[in-house]
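Summary of the model geometry
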Amino acid sequence: MATDNSQVLKVERVFAELLEELEKQPVSKQKAMEMQHLFLHTMEKTYKVSRLNAYQPDNAKGSEEIVLDMDKLLRQHRSFSVKNLPDKAINWAAGLAYSGVGLLFITIGFLMIVTPTSAEFEIATLFYFNEHDGFTVSDAFALVVIFIGIFFFIKAFVAQDKKE
């Protein structure tokens, strides 16, 4: 019985390593289908369970045990990581961050335009509206900050398909 138990533990360890490698480096859909077919073929050949007689009462108990063992293995080796999060949650968090940064930049840019500053900070007037007021270099810098904020805000709502 000890050898059976050690063999089961060895199979579980190898299966866990396989799952870890598949999580690290996913394979193509065609290769995954080939691996699934090979796995099912091996399970059918080893445990004498075919798809046709899997629902017969005499083989039902053995098939149920196999399914429960596989379920147990999968539950034990499932770990939390950023890769396991759904893409929608990651996209939602990124969109929230981009929109927050965009609103912050837009607010800072408008405050730079509206807030009165000293003549030394305005550097030079590029275009005069009248003899006391005009468009300065600091106003141009504020507009650049506003446009950067608009870019981030728009980027938050544009759909990005990163994984294909």
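Residues numbered from 1 in each chain as written. Predicted model: local features only at pLDDT ≥ 70, side-chain atom pairs only at ≥ 80, totals over all residues. Heavy atoms only, no water.

Points about the overall build of the protein
Applied cut-off: Helix and strand assignments follow DSSP, with helices taken as H or I runs no shorter than four residues and strands as E runs no shorter than two, numbered in order from the N terminus. Throughout this description, buried means an accessible area under 20% of the type-specific maximum (1.4 Å probe, protein chains only), exposed means over 50%, and partly exposed covers the range between. A contact between two residues is defined here by any heavy atoms of the two lying within 4.5 Å. Here the accessible surface of atoms and residues is derived via Shrake-Rupley with a 1.4 Å probe, and residues count as covered only by protein chains that are part of the display.
Per the secondary structure count, the protein includes six helices and two strands. Sequence-ordered secondary structure for the protein, helices as α and strands as β, is α-α-α-α-α-β-β-α. Expressed as a percentage of its 164 residues, the buried residues of the protein come to 13%. Put simply, of all contacts in the protein between residues at least 6 apart along the chain, 57% involve residues at least 24 apart. Total accessible area computed for the protein in this model is approximately 13,700 Å², and 66% of it derives from carbon and sulfur atoms.

A closer look at the pairing of strand β1 (residues 125-128)
The test is simple: Here a strand pair is declared whenever DSSP counts at least two bridges between the two strands.
As judged from the three bridges shared by β1 and strand β2 (residues 134-136), these two strands associate in the antiparallel manner. Directly across from F127, in β2, lies its bridge partner F135. Count of turn residues in the β1/β2 antiparallel hairpin: five residues.

Comments concerning unusual backbone geometry
At I123, a position not held by glycine, the phi torsion is positive, near 65°. Structurally, I123 is set in the loop between α5 (119-122) and β1.

Quick word on the confidence of the model for the protein
Heads up, the rule is: Every residue is assigned a pLDDT by the predictor, reflecting its confidence on a scale from 0 to 100.
Chain-level statistics for the protein give a pLDDT mean of 79 and a share of 79% at 70 or above. Confidence scores differ between elements of the protein, with helix α3 (residues 57-76) showing the lowest mean pLDDT of 68 and helix α6 (residues 137-157) the highest of 94.

As for the packing of aromatic side chains
To keep it simple, the criterion reads: Pairs were defined over the aromatic rings of Phe, Tyr and Trp, the Trp ring being its six-membered one, requiring ring centres within 6.5 Å. Orientation was assigned from the angle between planes: stacked under 30 degrees, edge-to-face over 60, tilted for the rest.
Per the stated rule, a full pass over the model turns up five aromatic pairs. For the pair Y98 and F152, a centre-to-centre distance of 5.9 Å together with 15° between the ring planes defines the contact as stacked. With Y98 in helix α4 (residues 87-114) and F152 in helix α6, the pair connects residues that are 54 residues apart, well separated along the chain. For Y98, a relative accessible area of 28% gives the class partly exposed. Relative to F129, the ring of F127 lies with its centre 5.6 Å away and its plane at 80°, an arrangement referred to as edge-to-face. There is no split in this pair, since F127 and F129 are both exposed.

Brief notes about α6
Selection rule: By definition here, a helix of n residues has an expected span of 1.5 Å times n minus one. Directions drawn from the helix axis to the C-beta atoms are what define this arc.
Taking 1.5 Å per residue, 21 residues should reach 30 Å; α6 reaches 31 Å between its end C-alpha atoms and fits that length. Along α6, the positions that sit buried rather than exposed are S138, D139, A142, V145, I146, G149 and A156. Projected down its long axis, α6 carries its buried residues within an arc of 115°, all on one side. Those residues of α6 that are exposed and angled more than 90 degrees off the buried face are F141, F147 and F151. Where α6 is buried, its residues touch α4, α5 and β2.

Comments concerning the side chain of D139
As a reminder of what qualifies: Within this scheme the basic residues Lys and Arg register as positive and the acidic residues Asp and Glu register as negative, but His and the chain ends are omitted. In what follows, salt bridge is the name for a side-chain nitrogen of Lys or Arg lying within 4 Å of a carboxyl oxygen of Asp or Glu.
The topology assignment puts D139 in helix α6. For the buried D139, which has no salt bridge, the nearest side chain bearing the opposite charge is K155, at an N-O separation of 27 Å. Ignoring sequence-local partners within four residues, the contact set of D139 consists of I113 and G134.

A look at the pattern of salt bridges
Taken as a whole and assessed by the stated rule, the structure comprises three salt bridges. With a shortest N-O distance of 3.8 Å, E21 and K24 are connected by a salt bridge. Remark: K24 and E21 occur in helix α1 (residues 2-24); sequence separation between them is three residues, near one turn of the helix. Overall, the relative accessible area of 48% leaves E21 in the partly exposed class. One salt bridge in this structure joins E34 and K31, with 3.9 Å as the shortest N-O distance. Residue E34 and its partner K31 are located together in helix α2 (residues 29-47), separated by three residues, close to a single helical turn.

Brief notes about the environment of F135
Positionally, F135 belongs in strand β2. Remark: the alpha-carbon pair of F135 and E122, spanning 13 residues in sequence, is separated by 9.3 Å. Once you skip the residues sitting within four places of it in the chain, F135 turns out to touch A124, T125, L126, F127, F129, A140 and L143.

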